[in-house]
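Structure assessment
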Amino acid sequence: MNDMERRKIEDSFQEAFKNAEVNPSESVWTNIELDLERADGDKMKRRLLFFKTLAAASVIFAMSIAGIGYYVFQLDADKNLAQHEVNSPAFSDRHASKEELDAQSSPNNESSFTPEETDPVAANSETKESPATANNSRLADEQLSRENGGLSSELNKGTDAVSTQSDLDASDKLQGDKKITGKSGTPLLASDENRGTTLPDVSDEVNGVERAVNSPSLDSKNSSPAATTGVGIASVGESSGRLPALYSAVQPELKLPASTADPGMLLLAKLAEDEKRFAAEEKNTRKNKMENLWTSIGFAAGAFNANSPSVAPAANTMYYLNSASTASTQSKASGLSYSVGVTVGTQVSKRWVLQGGVNYLTQNSDYTANSVVVVDNNFESPKAASINAFAPQLADATANTKVAQTFPYNVNNSVRFMSLPVQAGYLLVDKKFGLQLNAGVSTDLFLQNTITPDGGGVASTTQGRGDESPYRSLNFSGLMGTEFTYKLGYRYRLSVNPGLRYPFSSVYKSNTGVDSTPLTFDVGLRFRYIFH
Amino acid sequence: MLSENELIEGCRKGNRASQKALYDQYCRKMLVVCLRYSKTTAEAEDILQEGFVKVFNAIKDFRQESKLETWITRIMVNTALNVQRRKLYLYPMVDVEELNLPDTEMSVSGIHFSQLLEMIQTLPHGCQIVFNLFAIEGFSHKEIAERLGISEGTSKSQFARAKSLMQAKLLKESTYYERYGEAKN
């Protein structure tokens, strides 16, 4: 077939079909619209899925961080516990004294020592020179005489002797003489570096000894001094099994004995002062680090889903046909949500924060409407119809507004709220990087909604608070979210907070017959200024 | 009444009213295109629906280098071919002896498009598609062969058979016209 012949056929058929038109059935457009709606729904679902995934991921992340934090904290606590047990004076002294005793002969020194056999101070006085030597030897003599009832004078001397380190040993020796040294048979106060941690308890013992000495009922035979002096020792060395940590919150009170002129006591007092100063500094540092109060500005953007609204049938059939269609499209419309606001927060405890503020919230949605409102029979300038546009017609037959059906046209509905959120937050991580879980309630004050049609044929409709609007003037929403923060300096923090907003009741008034509780997912960015 | 550019802009924004207006403007012409490639109206309407959904999804990529109607027609033809390709897979085209077929001139003047449509719809699947592509859309046999995944010879022979069948139908129709003074239907 040559080109000419082909062109001839082509032309003749194209001419035959040039103005050919066949009307399709109505169902074709309905099906196309359904397909397009489905595609839009899929897009929204994908968006929602993204936000849901983000929310789920943030919660999982928060829980993982909390779990790791808890594990690390527990591990540290166990390590500290083990270290304290190892460093316990009772533990070290037991060995030290055993070695010491072994070195000092006496084969039967296990449980019932005689003063002569078990007196390390006495042994020391024989082998090395020390400032306490004279005192110790005097004590040894006095201990011997105590066996014969000379306890009172001996204890007075012993009490004075407690002032120095070697005298502390002498004091223990005194207890050992009275067979109150406990199972080890050795003094529980160590002479090594670890003793430093036991100093506060030493003072208790010193006081205990002093009290025991001053007691008129002291008797070496019935061991009443042991009953008094032994309490402090037993509570440290045996009942708890370990010494309290130095960093413990309860600060020991050190009482200076009457004879403060002693250098040992001065040392104790100095240490006590250092301890107090250190504790005060630490408290100040902690207080400075704590973010007591902050204020932040921020904005958030996200999407809201109409969340299967229900449209109740009205009594009037025509009203229902028109209004249900408009109500259905308006209430089903999903869209985007934006908010800007100011937040104030405070840390009420180590882990809990409370925050509230004011937000200006806008929710925009697009949908197709098929009716307009005509005022005073002016059909040349119709206005976009809202859910409640049909109410005046029903309520009052003489109303000057009419609702007319039109070809479908696209409108944008912009709803504005003033939102007052109050949230409690739990700090999972409170370091340079912070992680916080928030939950709370928001009081939403409806401001206005504007329905703006595309194109110029139909005028926009704005409805304010009160009777003219289909929206409730006051509504409450539940809030839930996560807040990731990063400290930028001493006074600044940046936070990203994905969150959910869900109204407790329908955003529409009950007389509209529409029940809709749109679920909003948004991600906010806030800049925080901290008042320490 | 919106201009074509306004319609396109509205459709690009996903404006449902613009989409409806565009559909209303072209649906009748496009249904004829779809009817040429199908056997029944229901089948054609399915193609029309699928085609318009593609139009609305792809209109943001329409660069207006061609007429909007031409662009939409191309989408309809492609959609129809996609639907018919499944059938061609089931009923593959075979070469037909051209030599045994009469080679007379084809004249469609004075015949209503609905009758032509009916004739085209009664052609066998392969012949119908090749005839549409060659005689009406203006594709070459090489292009048809590439589009349908057949040989050029098969395309030629299918067209020859389609032409022959159409000529027979046209002859029958003109005989009827001559005899009774008006066309059927």
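On a predicted model such as this, the values are computed, not experimentally measured, just so you know.

About the criteria used
- Position labels on residues start from 1 in each chain and follow its written sequence.
- For naming, the first written chain is A and the first written ligand is 1, with later ones following in the order written.
- Reporting of local features is limited, given that this is a predicted model, to residues whose pLDDT is at least 70; pairs of side-chain atoms are given and counted only at 80 or more, and all residues count toward the totals for whole chains, interfaces and linings.
- Runs of E in the DSSP output that reach at least two residues are strands. Runs of H or I that reach at least four are helices, and both are numbered from the N terminus.
- Put simply, a residue is buried when 20 or more other C-beta atoms lie within 10 Å of its own C-beta and exposed when 12 or fewer do; between those, it is partly exposed, and each C-beta is set from the backbone.
- Throughout, a residue-residue contact means that the two C-beta atoms, derived from backbone geometry, are no farther apart than 7 Å.
- Residue polarity is assigned by list, with Asp, Glu, Lys and Arg as charged and Ala, Val, Leu, Ile, Met, Phe, Trp, Tyr, Cys and Pro as nonpolar; anything else, Gly included, falls into the polar class.
- To count as a nonpolar core, a set of buried Ala, Val, Leu, Ile, Met, Phe, Trp, Tyr and Cys residues must be joined through C-beta atoms within 7 Å.
- By definition, the arc is the one covered by directions from the helix axis to the C-beta atoms.
- Here an angle of 0 to 180 degrees is reported between the N-to-C directions of two axes, which are lines fitted to C-alpha atoms, with helices fitted over the stretch in contact.
- Working definition: roughly parallel below 35 degrees, roughly antiparallel above 145 degrees, roughly perpendicular at 65 to 115 degrees, and oblique for all remaining angles.
- The sense of a crossing depends on the near helix, which, turned anticlockwise from the far helix by less than a right angle, makes the crossing left-handed and, turned clockwise, makes it right-handed.
- Each helix should span, by expectation, one fewer than its residue count multiplied by 1.5 Å.
- DSSP bridges decide pairing: two strands pair if at least two such bridges lie between them.
- Per-residue confidence from the prediction method is given by pLDDT, with values spanning 0 to 100.

Regarding the overall build of chain A
Scanning chain A from terminus to terminus reveals 13 helices and 12 strands. Per-residue burial for chain A yields a buried fraction of 34% across its 532 residues. Contacts in chain A between residues far apart in sequence, at least 24 positions, make up 68% of those at least 6 positions apart.

A look at the overall build of chain B
Counting its regular elements, chain B contains 8 helices and 0 strands. Scanning chain B from its N terminus toward the C terminus, one meets helices and strands in the order α-α-α-α-α-α-α-α. In chain B, which comprises 185 residues, the share counted as buried stands at 41%. Restricting the contact set of chain B to residue pairs at least 6 apart, pairs at least 24 apart contribute 67%.

Observations regarding the interface of chain B and chain A
Opposite the 28 residues of chain B that make contact, chain A presents 25 residues. Those elements that provide at least two residues to the side of chain B that touches chain A are α2 (16-36), α3 (41-58), α5 (113-121) and α6 (125-137) of chain B. In terms of residues, the side of chain B that touches chain A owes the most to one element, α2 of chain B, which gives 10 residues. Class assignment of the residues belonging to the side of chain B that touches chain A gives a composition of 17 nonpolar, 6 polar and 5 charged.

Some points on the nonpolar core
Among the nonpolar cores identified, the biggest contains 67 residues, and Met30, Leu31, Cys34, Leu48, Met76, Val130 and Phe131 of chain B are the most heavily contacted of them. Element by element, the count of residues in this core is highest for α2 of chain B, at 12 residues. Setting aside residues no more than four positions away along its own chain, Phe131 of chain B makes contact with Ile120, Leu123, Phe159, Ala162 and Met166 of chain B. Membership of the second largest hydrophobic core comes to 9 residues, among which are Ile387, Tyr471, Val507 and Val514 of chain A.

Describing the environment of Val374 of chain A
Turning to its location among the elements, Val374 of chain A is positioned in strand β4 (residues 352-375). Residues Val374 of chain A and Ala404 of chain A, 30 residues apart in the sequence, show an inter-C-alpha distance of 7.0 Å.

Some words on α5 of chain B
Within α5 of chain B, the full set of buried residues consists of Phe113, Leu116, Met119 and Ile120 of chain B. Buried residues of α5 of chain B, viewed axially, fall in a sector of 115°; they line one side.

Quick word on the packing of helix α1 (residues 4-12) of chain B against α2 of chain B
Residue and element names in this part refer to chain B. It is at 7 Å that the axes of α1 and α2 come closest, and there the two elements cross at 130°. Classified by the angle their axes make, α1 and α2 are oblique. Here α1 and α2 pass one another in a crossing that is left-handed. Taking contact as the criterion, the partners of Leu7, Gly10 and Cys11 in α1 are, on α2, Ala17, Ser18, Gln19, Ala21 and Leu22. Partitioning the contact of α1 with α2 into residue classes produces 5 nonpolar, 3 polar and no charged.

A few points about α6 of chain B
Residues and elements named next belong to chain B. With 13 residues, α6 extends 17 Å between its outermost C-alpha atoms, agreeing within 8% with the 18 Å of an ideal straight helix rising 1.5 Å per residue. With 11 of its 13 residues buried, α6 lies for the most part within the structure. Restricting attention to buried positions, one finds in α6 the residues Gly126, Cys127, Gln128, Ile129, Val130, Phe131, Asn132, Leu133, Phe134, Ala135 and Ile136. Gly138 lies just past α6 and shows a positive phi near 85°.

What about the pairing of strand β10 (residues 492-503) of chain A?
Residue and element names in this part refer to chain A. As paired strands, strand β9 (residues 474-487) and β10 are joined by 9 bridges and run antiparallel to one another. Among the inter-strand pairings, Gly478 is bridged to a residue of β10, identified as Tyr502. Joining the antiparallel neighbours β9 and β10 is a turn of 4 residues. One ladder, built from 10 bridges, connects β10 with strand β12 (residues 519-531); its direction is antiparallel.

Structural notes on the pairing of β12 of chain A
One ladder, built from 13 bridges, connects strand β1 (residues 293-305) of chain A with β12 of chain A; its direction is antiparallel. Across the sheet, the residue bridging to Gly298 of chain A is Arg526 of chain A, located in β12 of chain A.

Remarks on the confidence of the model for chain B
Residue and element names in this part refer to chain B. The share of residues in chain B with pLDDT of 70 or more is 81%, and the mean pLDDT across the chain is 83. No element of chain B has a lower mean pLDDT than helix α8 (residues 152-180), at 79, and none a higher one than α3, at 93. Model confidence for the complex is summarised by a pTM of 0.40, with the ipTM given as 0.83.

A few points about the packing of α2 of chain B against α3 of chain B
Residue and element names in this part refer to chain B. Closest axis-to-axis distance for the α2/α3 pair is 9 Å, and the angle between their directions is 135°. One element, α2, and the other, α3, form an angle in the oblique class. Viewed along their axes, α2 and α3 form a crossing whose handedness is right-handed. On α3, the residues touching Gln19, Tyr23, Cys27, Met30, Leu31, Cys34 and Leu35 of α2 are Thr41, Ala44, Ile47, Leu48, Gly51, Phe52 and Phe56. Residue composition of the contact of α2 with α3, by class: 11 nonpolar, 3 polar and no charged.

Considering the confidence of the model for chain A
Residues and elements named next belong to chain A. When pLDDT is averaged across chain A, the result is 70; 58% of the residues are at 70 or more. Segment residues 90-98 is flagged for pLDDT under 50; beyond a separation of four residues in sequence, or across chains, it makes 17 contacts in the model. When the criterion is pLDDT under 50, residues 103-134 qualifies, and its contacts beyond four places in sequence or with other chains add up to 37 contacts.

Topic: the environment of Gln64 of chain B
With respect to the helices and strands, Gln64 of chain B occurs in the loop between α3 and α4 (68-90). Between the alpha carbons of Gln64 of chain B and Ile8 of chain B there is a distance of 9.4 Å; along the sequence they are 56 residues apart.

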